[in-house]
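# Structural characterization, general
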Amino acid sequence: MLRVAREGKTQIGTPSVTVHSGLRSDGADRYALIADIKVSLPDLDRDTALRIPDGAHRICPFSKAVGDSLGVTVTLTDCQGADAGETLALEGA
């Protein structure tokens, strides 16, 4: 997120990111990796707060490596002008 913000000349204030990862059942004796990412960008307006983690997801080496095989949910938990808990729709997630 810091790289995306820097390249976009955006001050992101005091961001917070929490990641929970694990496994989900994917059929009989099959499991899939999941990642639940919570992003807080309280100093940003809604549009900018949505753009930053989306851009980070697009350039993240880990996201690129696992592609669609990892179930990723990114939730914006705090920003100016948005409902808390707004789920972001990211490409490839």
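A brief report on the enclosed structure follows. (Residues numbered from 1 in each chain as written. Predicted model: local features only at pLDDT ≥ 70, side-chain atom pairs only at ≥ 80, totals over all residues. Heavy atoms only, no water.)

## Regarding the pattern of salt bridges
Taken as a whole, this structure holds 4 salt bridges when the rule is applied. The salt bridge involving R3 is made with E7; its shortest N-O contact spans 2.9 Å. Of this pair, R3 and E7 both sit in helix 1 (residues 2–7), separated by 4 residues, roughly a single helical turn. A relative accessible area of 42% means that R3 is categorised as partly exposed. Salt-bridge contacts for R46 lead to D47; the nearest nitrogen and oxygen are separated by 3.8 Å. Exposure remark for R46: the relative accessible area of 31% places this residue in the partly exposed category. (Salt bridge = Lys/Arg side-chain N within 4 Å of Asp/Glu carboxyl O. Helix = DSSP H or I, 4+ residues; strand = E, 2+ residues; numbered from the N terminus. Buried < 20%, exposed > 50% of the residue type's maximum accessible area, 1.4 Å probe, protein only.)

## Focus on the pairing of strand 2 (residues 31–45)
Sheet topology places strand 1 (residues 16–25) next to strand 2; 10 bridges connect them, and they run antiparallel. Within strand 2, the position partnered with V19 by the bridge is I37. Hairpin connection, strand 1 to strand 2: the antiparallel pair is bridged by 5 residues, and G27 has positive phi, about 110°. With 8 bridges joining them, strand 2 and strand 3 (residues 71–80) adopt parallel strand pairing. (Pairing = 2+ DSSP bridges.)

## Some points on helix 2 (residues 46–59)
Between its first and last C-alpha, helix 2 extends 21 Å over 14 residues, near the 20 Å set by a 1.5 Å rise per residue. At the N-terminal end of helix 2, a side-chain oxygen is found 3.2 Å from the backbone nitrogen of D47, two or three residues along, and the residue is D45. (Expected span 1.5 Å × (residues − 1). Polar contact = N/O pair within 3.5 Å; in protein donor to acceptor, adjacent residues only side chain to side chain.)

## Overview of a nonpolar patch on the surface
A contiguous nonpolar surface patch, about 370 Å² in accessible area, is contributed by L23, Y31 and L33. Y31 sits in the exposed class, given a relative accessible area of 57%. (Patch = residues over 30% accessible without salt bridge, like charges linked within 9 Å, V, L, I, M, F, W, Y side chains within 5 Å. Areas by Shrake-Rupley, 256 points an atom, 1.4 Å probe, with all protein chains shown as cover.)

## Considerations on unusual backbone geometry
One non-glycine residue, K9, lies in the positive phi region at around 55°. Within the secondary structure layout, K9 lies in the loop between helix 1 and strand 1. Under the relative-accessibility criterion, K9 is labelled exposed at 76%. At D29, a position not held by glycine, the phi torsion is positive, near 55°. Structurally, the position occupied by D29 is in the loop between strand 1 and strand 2.

## Points about the side chain of D54
Here D54 is to be found in helix 2. One polar contact links D54 to R58, side chain to side chain, over a distance of 3.0 Å.

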